[in-house]
Structure formats: structure tokens, C-alpha cells
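# Descriptive analysis of the structure
What follows is the residue order along each chain.
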Amino acid sequence: MIFAYDKRQMPQTLMNLPETLVRKLEELSRQHAELEEQLNDAEVLTDHRRVRDLSIRKASIADVVEGYRQFRAMYKECVELRAVIAAGEDAEFAAMARAELPVIEGRAGETIERVKSALVNADDLAVGSVILELRAGTGGDEAALWARDLLDVYSRYAAKKGWSFEVMELTPETSAGGIRSVVVNVRGEGVWTELAFEAGVHSVKRVPATEAAGRIHTSTATVATLPEPEEVQVKIDWAKDVTEDVTTSQGPGGQNVNKVATAVKLVHKPTGIEVRMQESKSQQQNRDKARRLLMARVYELERRKLHDERSQKRNAQIGSGERSEKIRTYRYKDGIVADERLPGEYPLRDVLSGDLGAMFGDLIEQQTSRRLAEL
């Protein structure tokens, strides 16, 4: 039964609490209780991956649910205080209630604002696994070196956060020591909340090691971020919807690097999405990784379709909006990093060492403000 919220029992500052918001909060409260129950199930506790996923989902809504429960308690207290004031049977008691009421109402208002802020980011926090795809862009060998440097930045940040960092597929650029492309799986609490901001073009302005005249060149690398869905979120009929080809792995020059057929190529017929995986010497491992990547790309396609439909009904794109243009410039001469979405600048040395927390914090704050404006 939904919480019986009566706007007449609250002050004007809380009169605009939409019923849809109350229903959403009630649903999250129910989900939190169910997750708690599952995490106490002996059978679930034997599956470490499921425990981790359920724990991340529970943690993603914990602040929302706890805050909402506090709000409900304050709301109940407000109702009781108003009843005492209306009865007027005990003048001293009624005077105390009149003095206490605005204090409780103020706390309730502050609490529900915190709940709303946590709510608009709860879906992002629930995603505990992300697939990053980095590709060298314009700039030849220097772009390949830049893609390698970006990979190192993310690896360092993941280590600082305690996230797992698994290279699923890497294509090197052997002539300069850089990389042409790489696919990485990053797992841990908050990975999508932060790494979703990395999607787009990363531009670097610096003097390449091969530049004899000391001229500054501009090179780019592109980053795609895909939330890795659970299998229940993406329905793929692997027998009917997907074609699979198994071949020998190919090196940068086209030569066979493995005489055994271990490379796996998957094509999702309904969407045309194609995935090839050859990093492992095991065919089964390549198949598993290819399926995970395919699921992520199909999920992202459907997520974008839904987002585009919603975006047509509002003026500004928020949340999971398009980030395909240049998002950030790394200026080596000036020692700064400038993000196109933020007014400030950040020390290049800190960013390259994997200290992305300050920039991500500013991006999250900006995004939260925009999402709150849409409630």
C-alpha cells in the first residue's frame, strides 16, 4: 500500500511533491527490502558475483531509501503536531507543538531535497560494470600514443577506487608503441556514475617525441562508455539472432598469430552489430567476452533509442545525453586540462596520475542540478 501523503498536512515548501515521486520512492523502498532479503539468503551467498551485483544495487538506493524513511517519520510527526494544535485541549502542549512544528517541517524539507538529489542518480549508481572502448583518432602515431596514455589514466584511477580493470581486447600500434584500440571492462561501485562522462573525443596538444622542431601537435582519441547489463536486461536469442564465426587470430599486419581457431566473431542480425574478440588463446574465453560486449552494445543502442524519444519532448538533453563531440582538451604546455562542460581547469599532472575525482565531482554536481530541474 502506497504511503498516504496528504499535501494539506505539509507547509507550502513541500506542497509540490508530485505523487509520481512518492510512488517511485515507495517502489525503491520495496526493492531495498527485497535486496536485503536476497542478500540474507544462504543460496545467494554462495554466488560471489551475484552477491557483488546485489550489493551494488542495494548501495545505489540506500541513501534514497534511508532519507525517504526519515522523511516519512518527520511527516508523521508533523501530522501529530498539527492534530495537537487543532485540538487546543492543552494550551501549554499546543504552544510547544506550534514551536516544534516549523523546526520539523524545515528538517523534512531539507531531507526530501537530499532524497531527490540521490534519486536522480540512483539508476547510474546501480550499474556496477562498464565497458570502455578507446580508439586512436587523428594524429597518426601520436594519436596511438595518446590512446595508450589515456588507458594508463583510467587504469590508475580504477586502482585508486578499488575497481577491477580487465583488458578484454587490445590492438597495438607496433611502430610507435601506442595502441590503435582497446576494450576494457571496469567493475565496481560507482563506475557508470563517473566513467559515463568520458564518452567523446579527448584532444591533446603537445610536442610529440618524434617532433624534431619542437612544434605542438593536436591529436585525438575517442572513448565510448557502455554500461554492461545483466543478462535479464537484454534478451538475445543466441541461436536465432546471432551468427558466430570462429577463425584464427590476426595480427596488425594480417599475419596469423595463432594457428588454432580461437578468434570469435559475433553478428547480431536484428541490429547488425558486429563484435570480434581474439585477445585470449581460449576460444571459450573469447566467446564469453564477445557475448558480454555484444550485450553491452545492444543494450546501449536500445538505451539511446529510449533517450532520443524522451529528448524530443524536452529542450535540453540531460543524464545520458549525447557526448559524441570533443569533451576535453589536455594542454601539456600550459599544464592544464579543460573540460568543455565545466567552467574551471584542472592540473594536468594530477589528471595524468589518475586523480580524476575533482573533475568527476564537478560533473556529477552539474548533472544532478540539471536532473533536479526536470523533476
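It should be emphasised that the depicted structure is a prediction, and the values quoted were computed from it without experimental measurement. (Residues numbered from 1 in each chain as written. Predicted model: local features only at pLDDT ≥ 70, side-chain atom pairs only at ≥ 80, totals over all residues. Heavy atoms only, no water.)

## Section: the overall build of the protein chain
Within the protein chain one finds ten helices and eleven strands. For the protein chain, the proportion of its 375 residues judged to be buried stands at 43%. Of all intrachain contacts in the protein chain linking residues separated by at least 6 positions in sequence, the fraction that spans at least 24 positions is 62%. (Helix = DSSP H or I, 4+ residues; strand = E, 2+ residues; numbered from the N terminus. Buried < 20%, exposed > 50% of the residue type's maximum accessible area, 1.4 Å probe, protein only. Contact = heavy atoms within 4.5 Å.)

## Focus: the nonpolar core
In this structure, Leu-132, Leu-134, Leu-150, Val-186, Tyr-330 and Leu-356 are the most contacted members of the largest nonpolar core, which totals 35 residues. Broken down by secondary-structure element, the contributors of at least two residues to this core are strand E1 (129–136), helix H6 (140–161), strand E3 (178–187), helix H7 (191–195), strand E5 (217–227), helix H9 (348–352) and helix H10 (357–373). At eight residues, H6 tops the list of elements feeding residues into this core. Leu-134 has contacts with Ala-147, Leu-150, Leu-151, Tyr-154, Arg-180, Ser-181, Val-182, Thr-222 and Val-223, leaving out every residue within four places of it along the chain. Of all hydrophobic cores here, the second largest spans 25 residues; its members include Leu-35, Leu-39, Val-44 and Leu-81. (Core = buried A, V, L, I, M, F, W, Y, C linked by side-chain atoms within 4.5 Å.)

## What to know about H6
Spacing of three or four residues puts side chains on the same side of an α-helix, whose turn is 3.6 residues. Given a rise of 1.5 Å per residue, 22 residues ought to cover 32 Å, and the 32 Å separating the end C-alpha atoms of H6 matches this to within 8%. Positive backbone phi, approximately 80°, marks Gly-162, located one or two places after H6. (Expected span 1.5 Å × (residues − 1).)

## Structural notes on the packing of helix H1 (residues 19–39) against helix H3 (residues 48–87)
Their axes nearest at 8 Å, the elements H1 and H3 cross at an angle of 135°. Relative to H3, the element H1 is oriented oblique. Between H1 and H3 lies a crossing whose hand is left-handed. Taken together, the residues of the contact of H1 with H3 break down into twelve nonpolar, five polar and seven charged. (Axes fitted to C-alpha atoms, helices over the stretch in contact; angles between N-to-C directions. Parallel < 35°, antiparallel > 145°, perpendicular 65-115°, else oblique. Left-handed = near helix turned anticlockwise from the far one by under 90°. Nonpolar A, V, L, I, M, F, W, Y, C, P; charged D, E, K, R; others polar.)

## Focus on the packing of H1 against helix H4 (residues 91–119)
Interhelical geometry of H1 versus H4 gives an angle of 70° and a closest axis separation of 12 Å. Looking at the two axes, H1 sits roughly perpendicular to H4. The segment H1 lies against H4, with Leu-21, Lys-24, Leu-25 and Leu-28 engaging Ile-112, Val-115, Lys-116 and Leu-119.

## Structural notes on the environment of Leu-294
In this fold, Leu-294 is placed in helix H8 (residues 283–311). Between the alpha carbons of Leu-294 and Val-267 there is a distance of 8.4 Å; along the sequence they are 27 residues apart. Setting aside its immediate chain neighbours within four residues, Leu-294 contacts Trp-238, Val-242, Leu-266, His-268, Ile-273 and Val-275.

## Re the environment of Ala-147
Looking at the secondary structure, you find Ala-147 in helix H6. Judged by its relative accessible area of 0%, Ala-147 is buried. Between the alpha carbons of Ala-147 and Gly-178 there is a distance of 7.0 Å; along the sequence they are 31 residues apart.

## Focus: the side chain of Lys-116
Along the polypeptide, Lys-116 turns up in helix H4. Taking the relative accessible area as the measure of exposure, Lys-116 reaches 18% and is therefore buried. At 3.2 Å, the side chain of Lys-116 and the side chain of Glu-113 are in polar contact. (Polar contact = N/O pair within 3.5 Å; in protein donor to acceptor, adjacent residues only side chain to side chain.)

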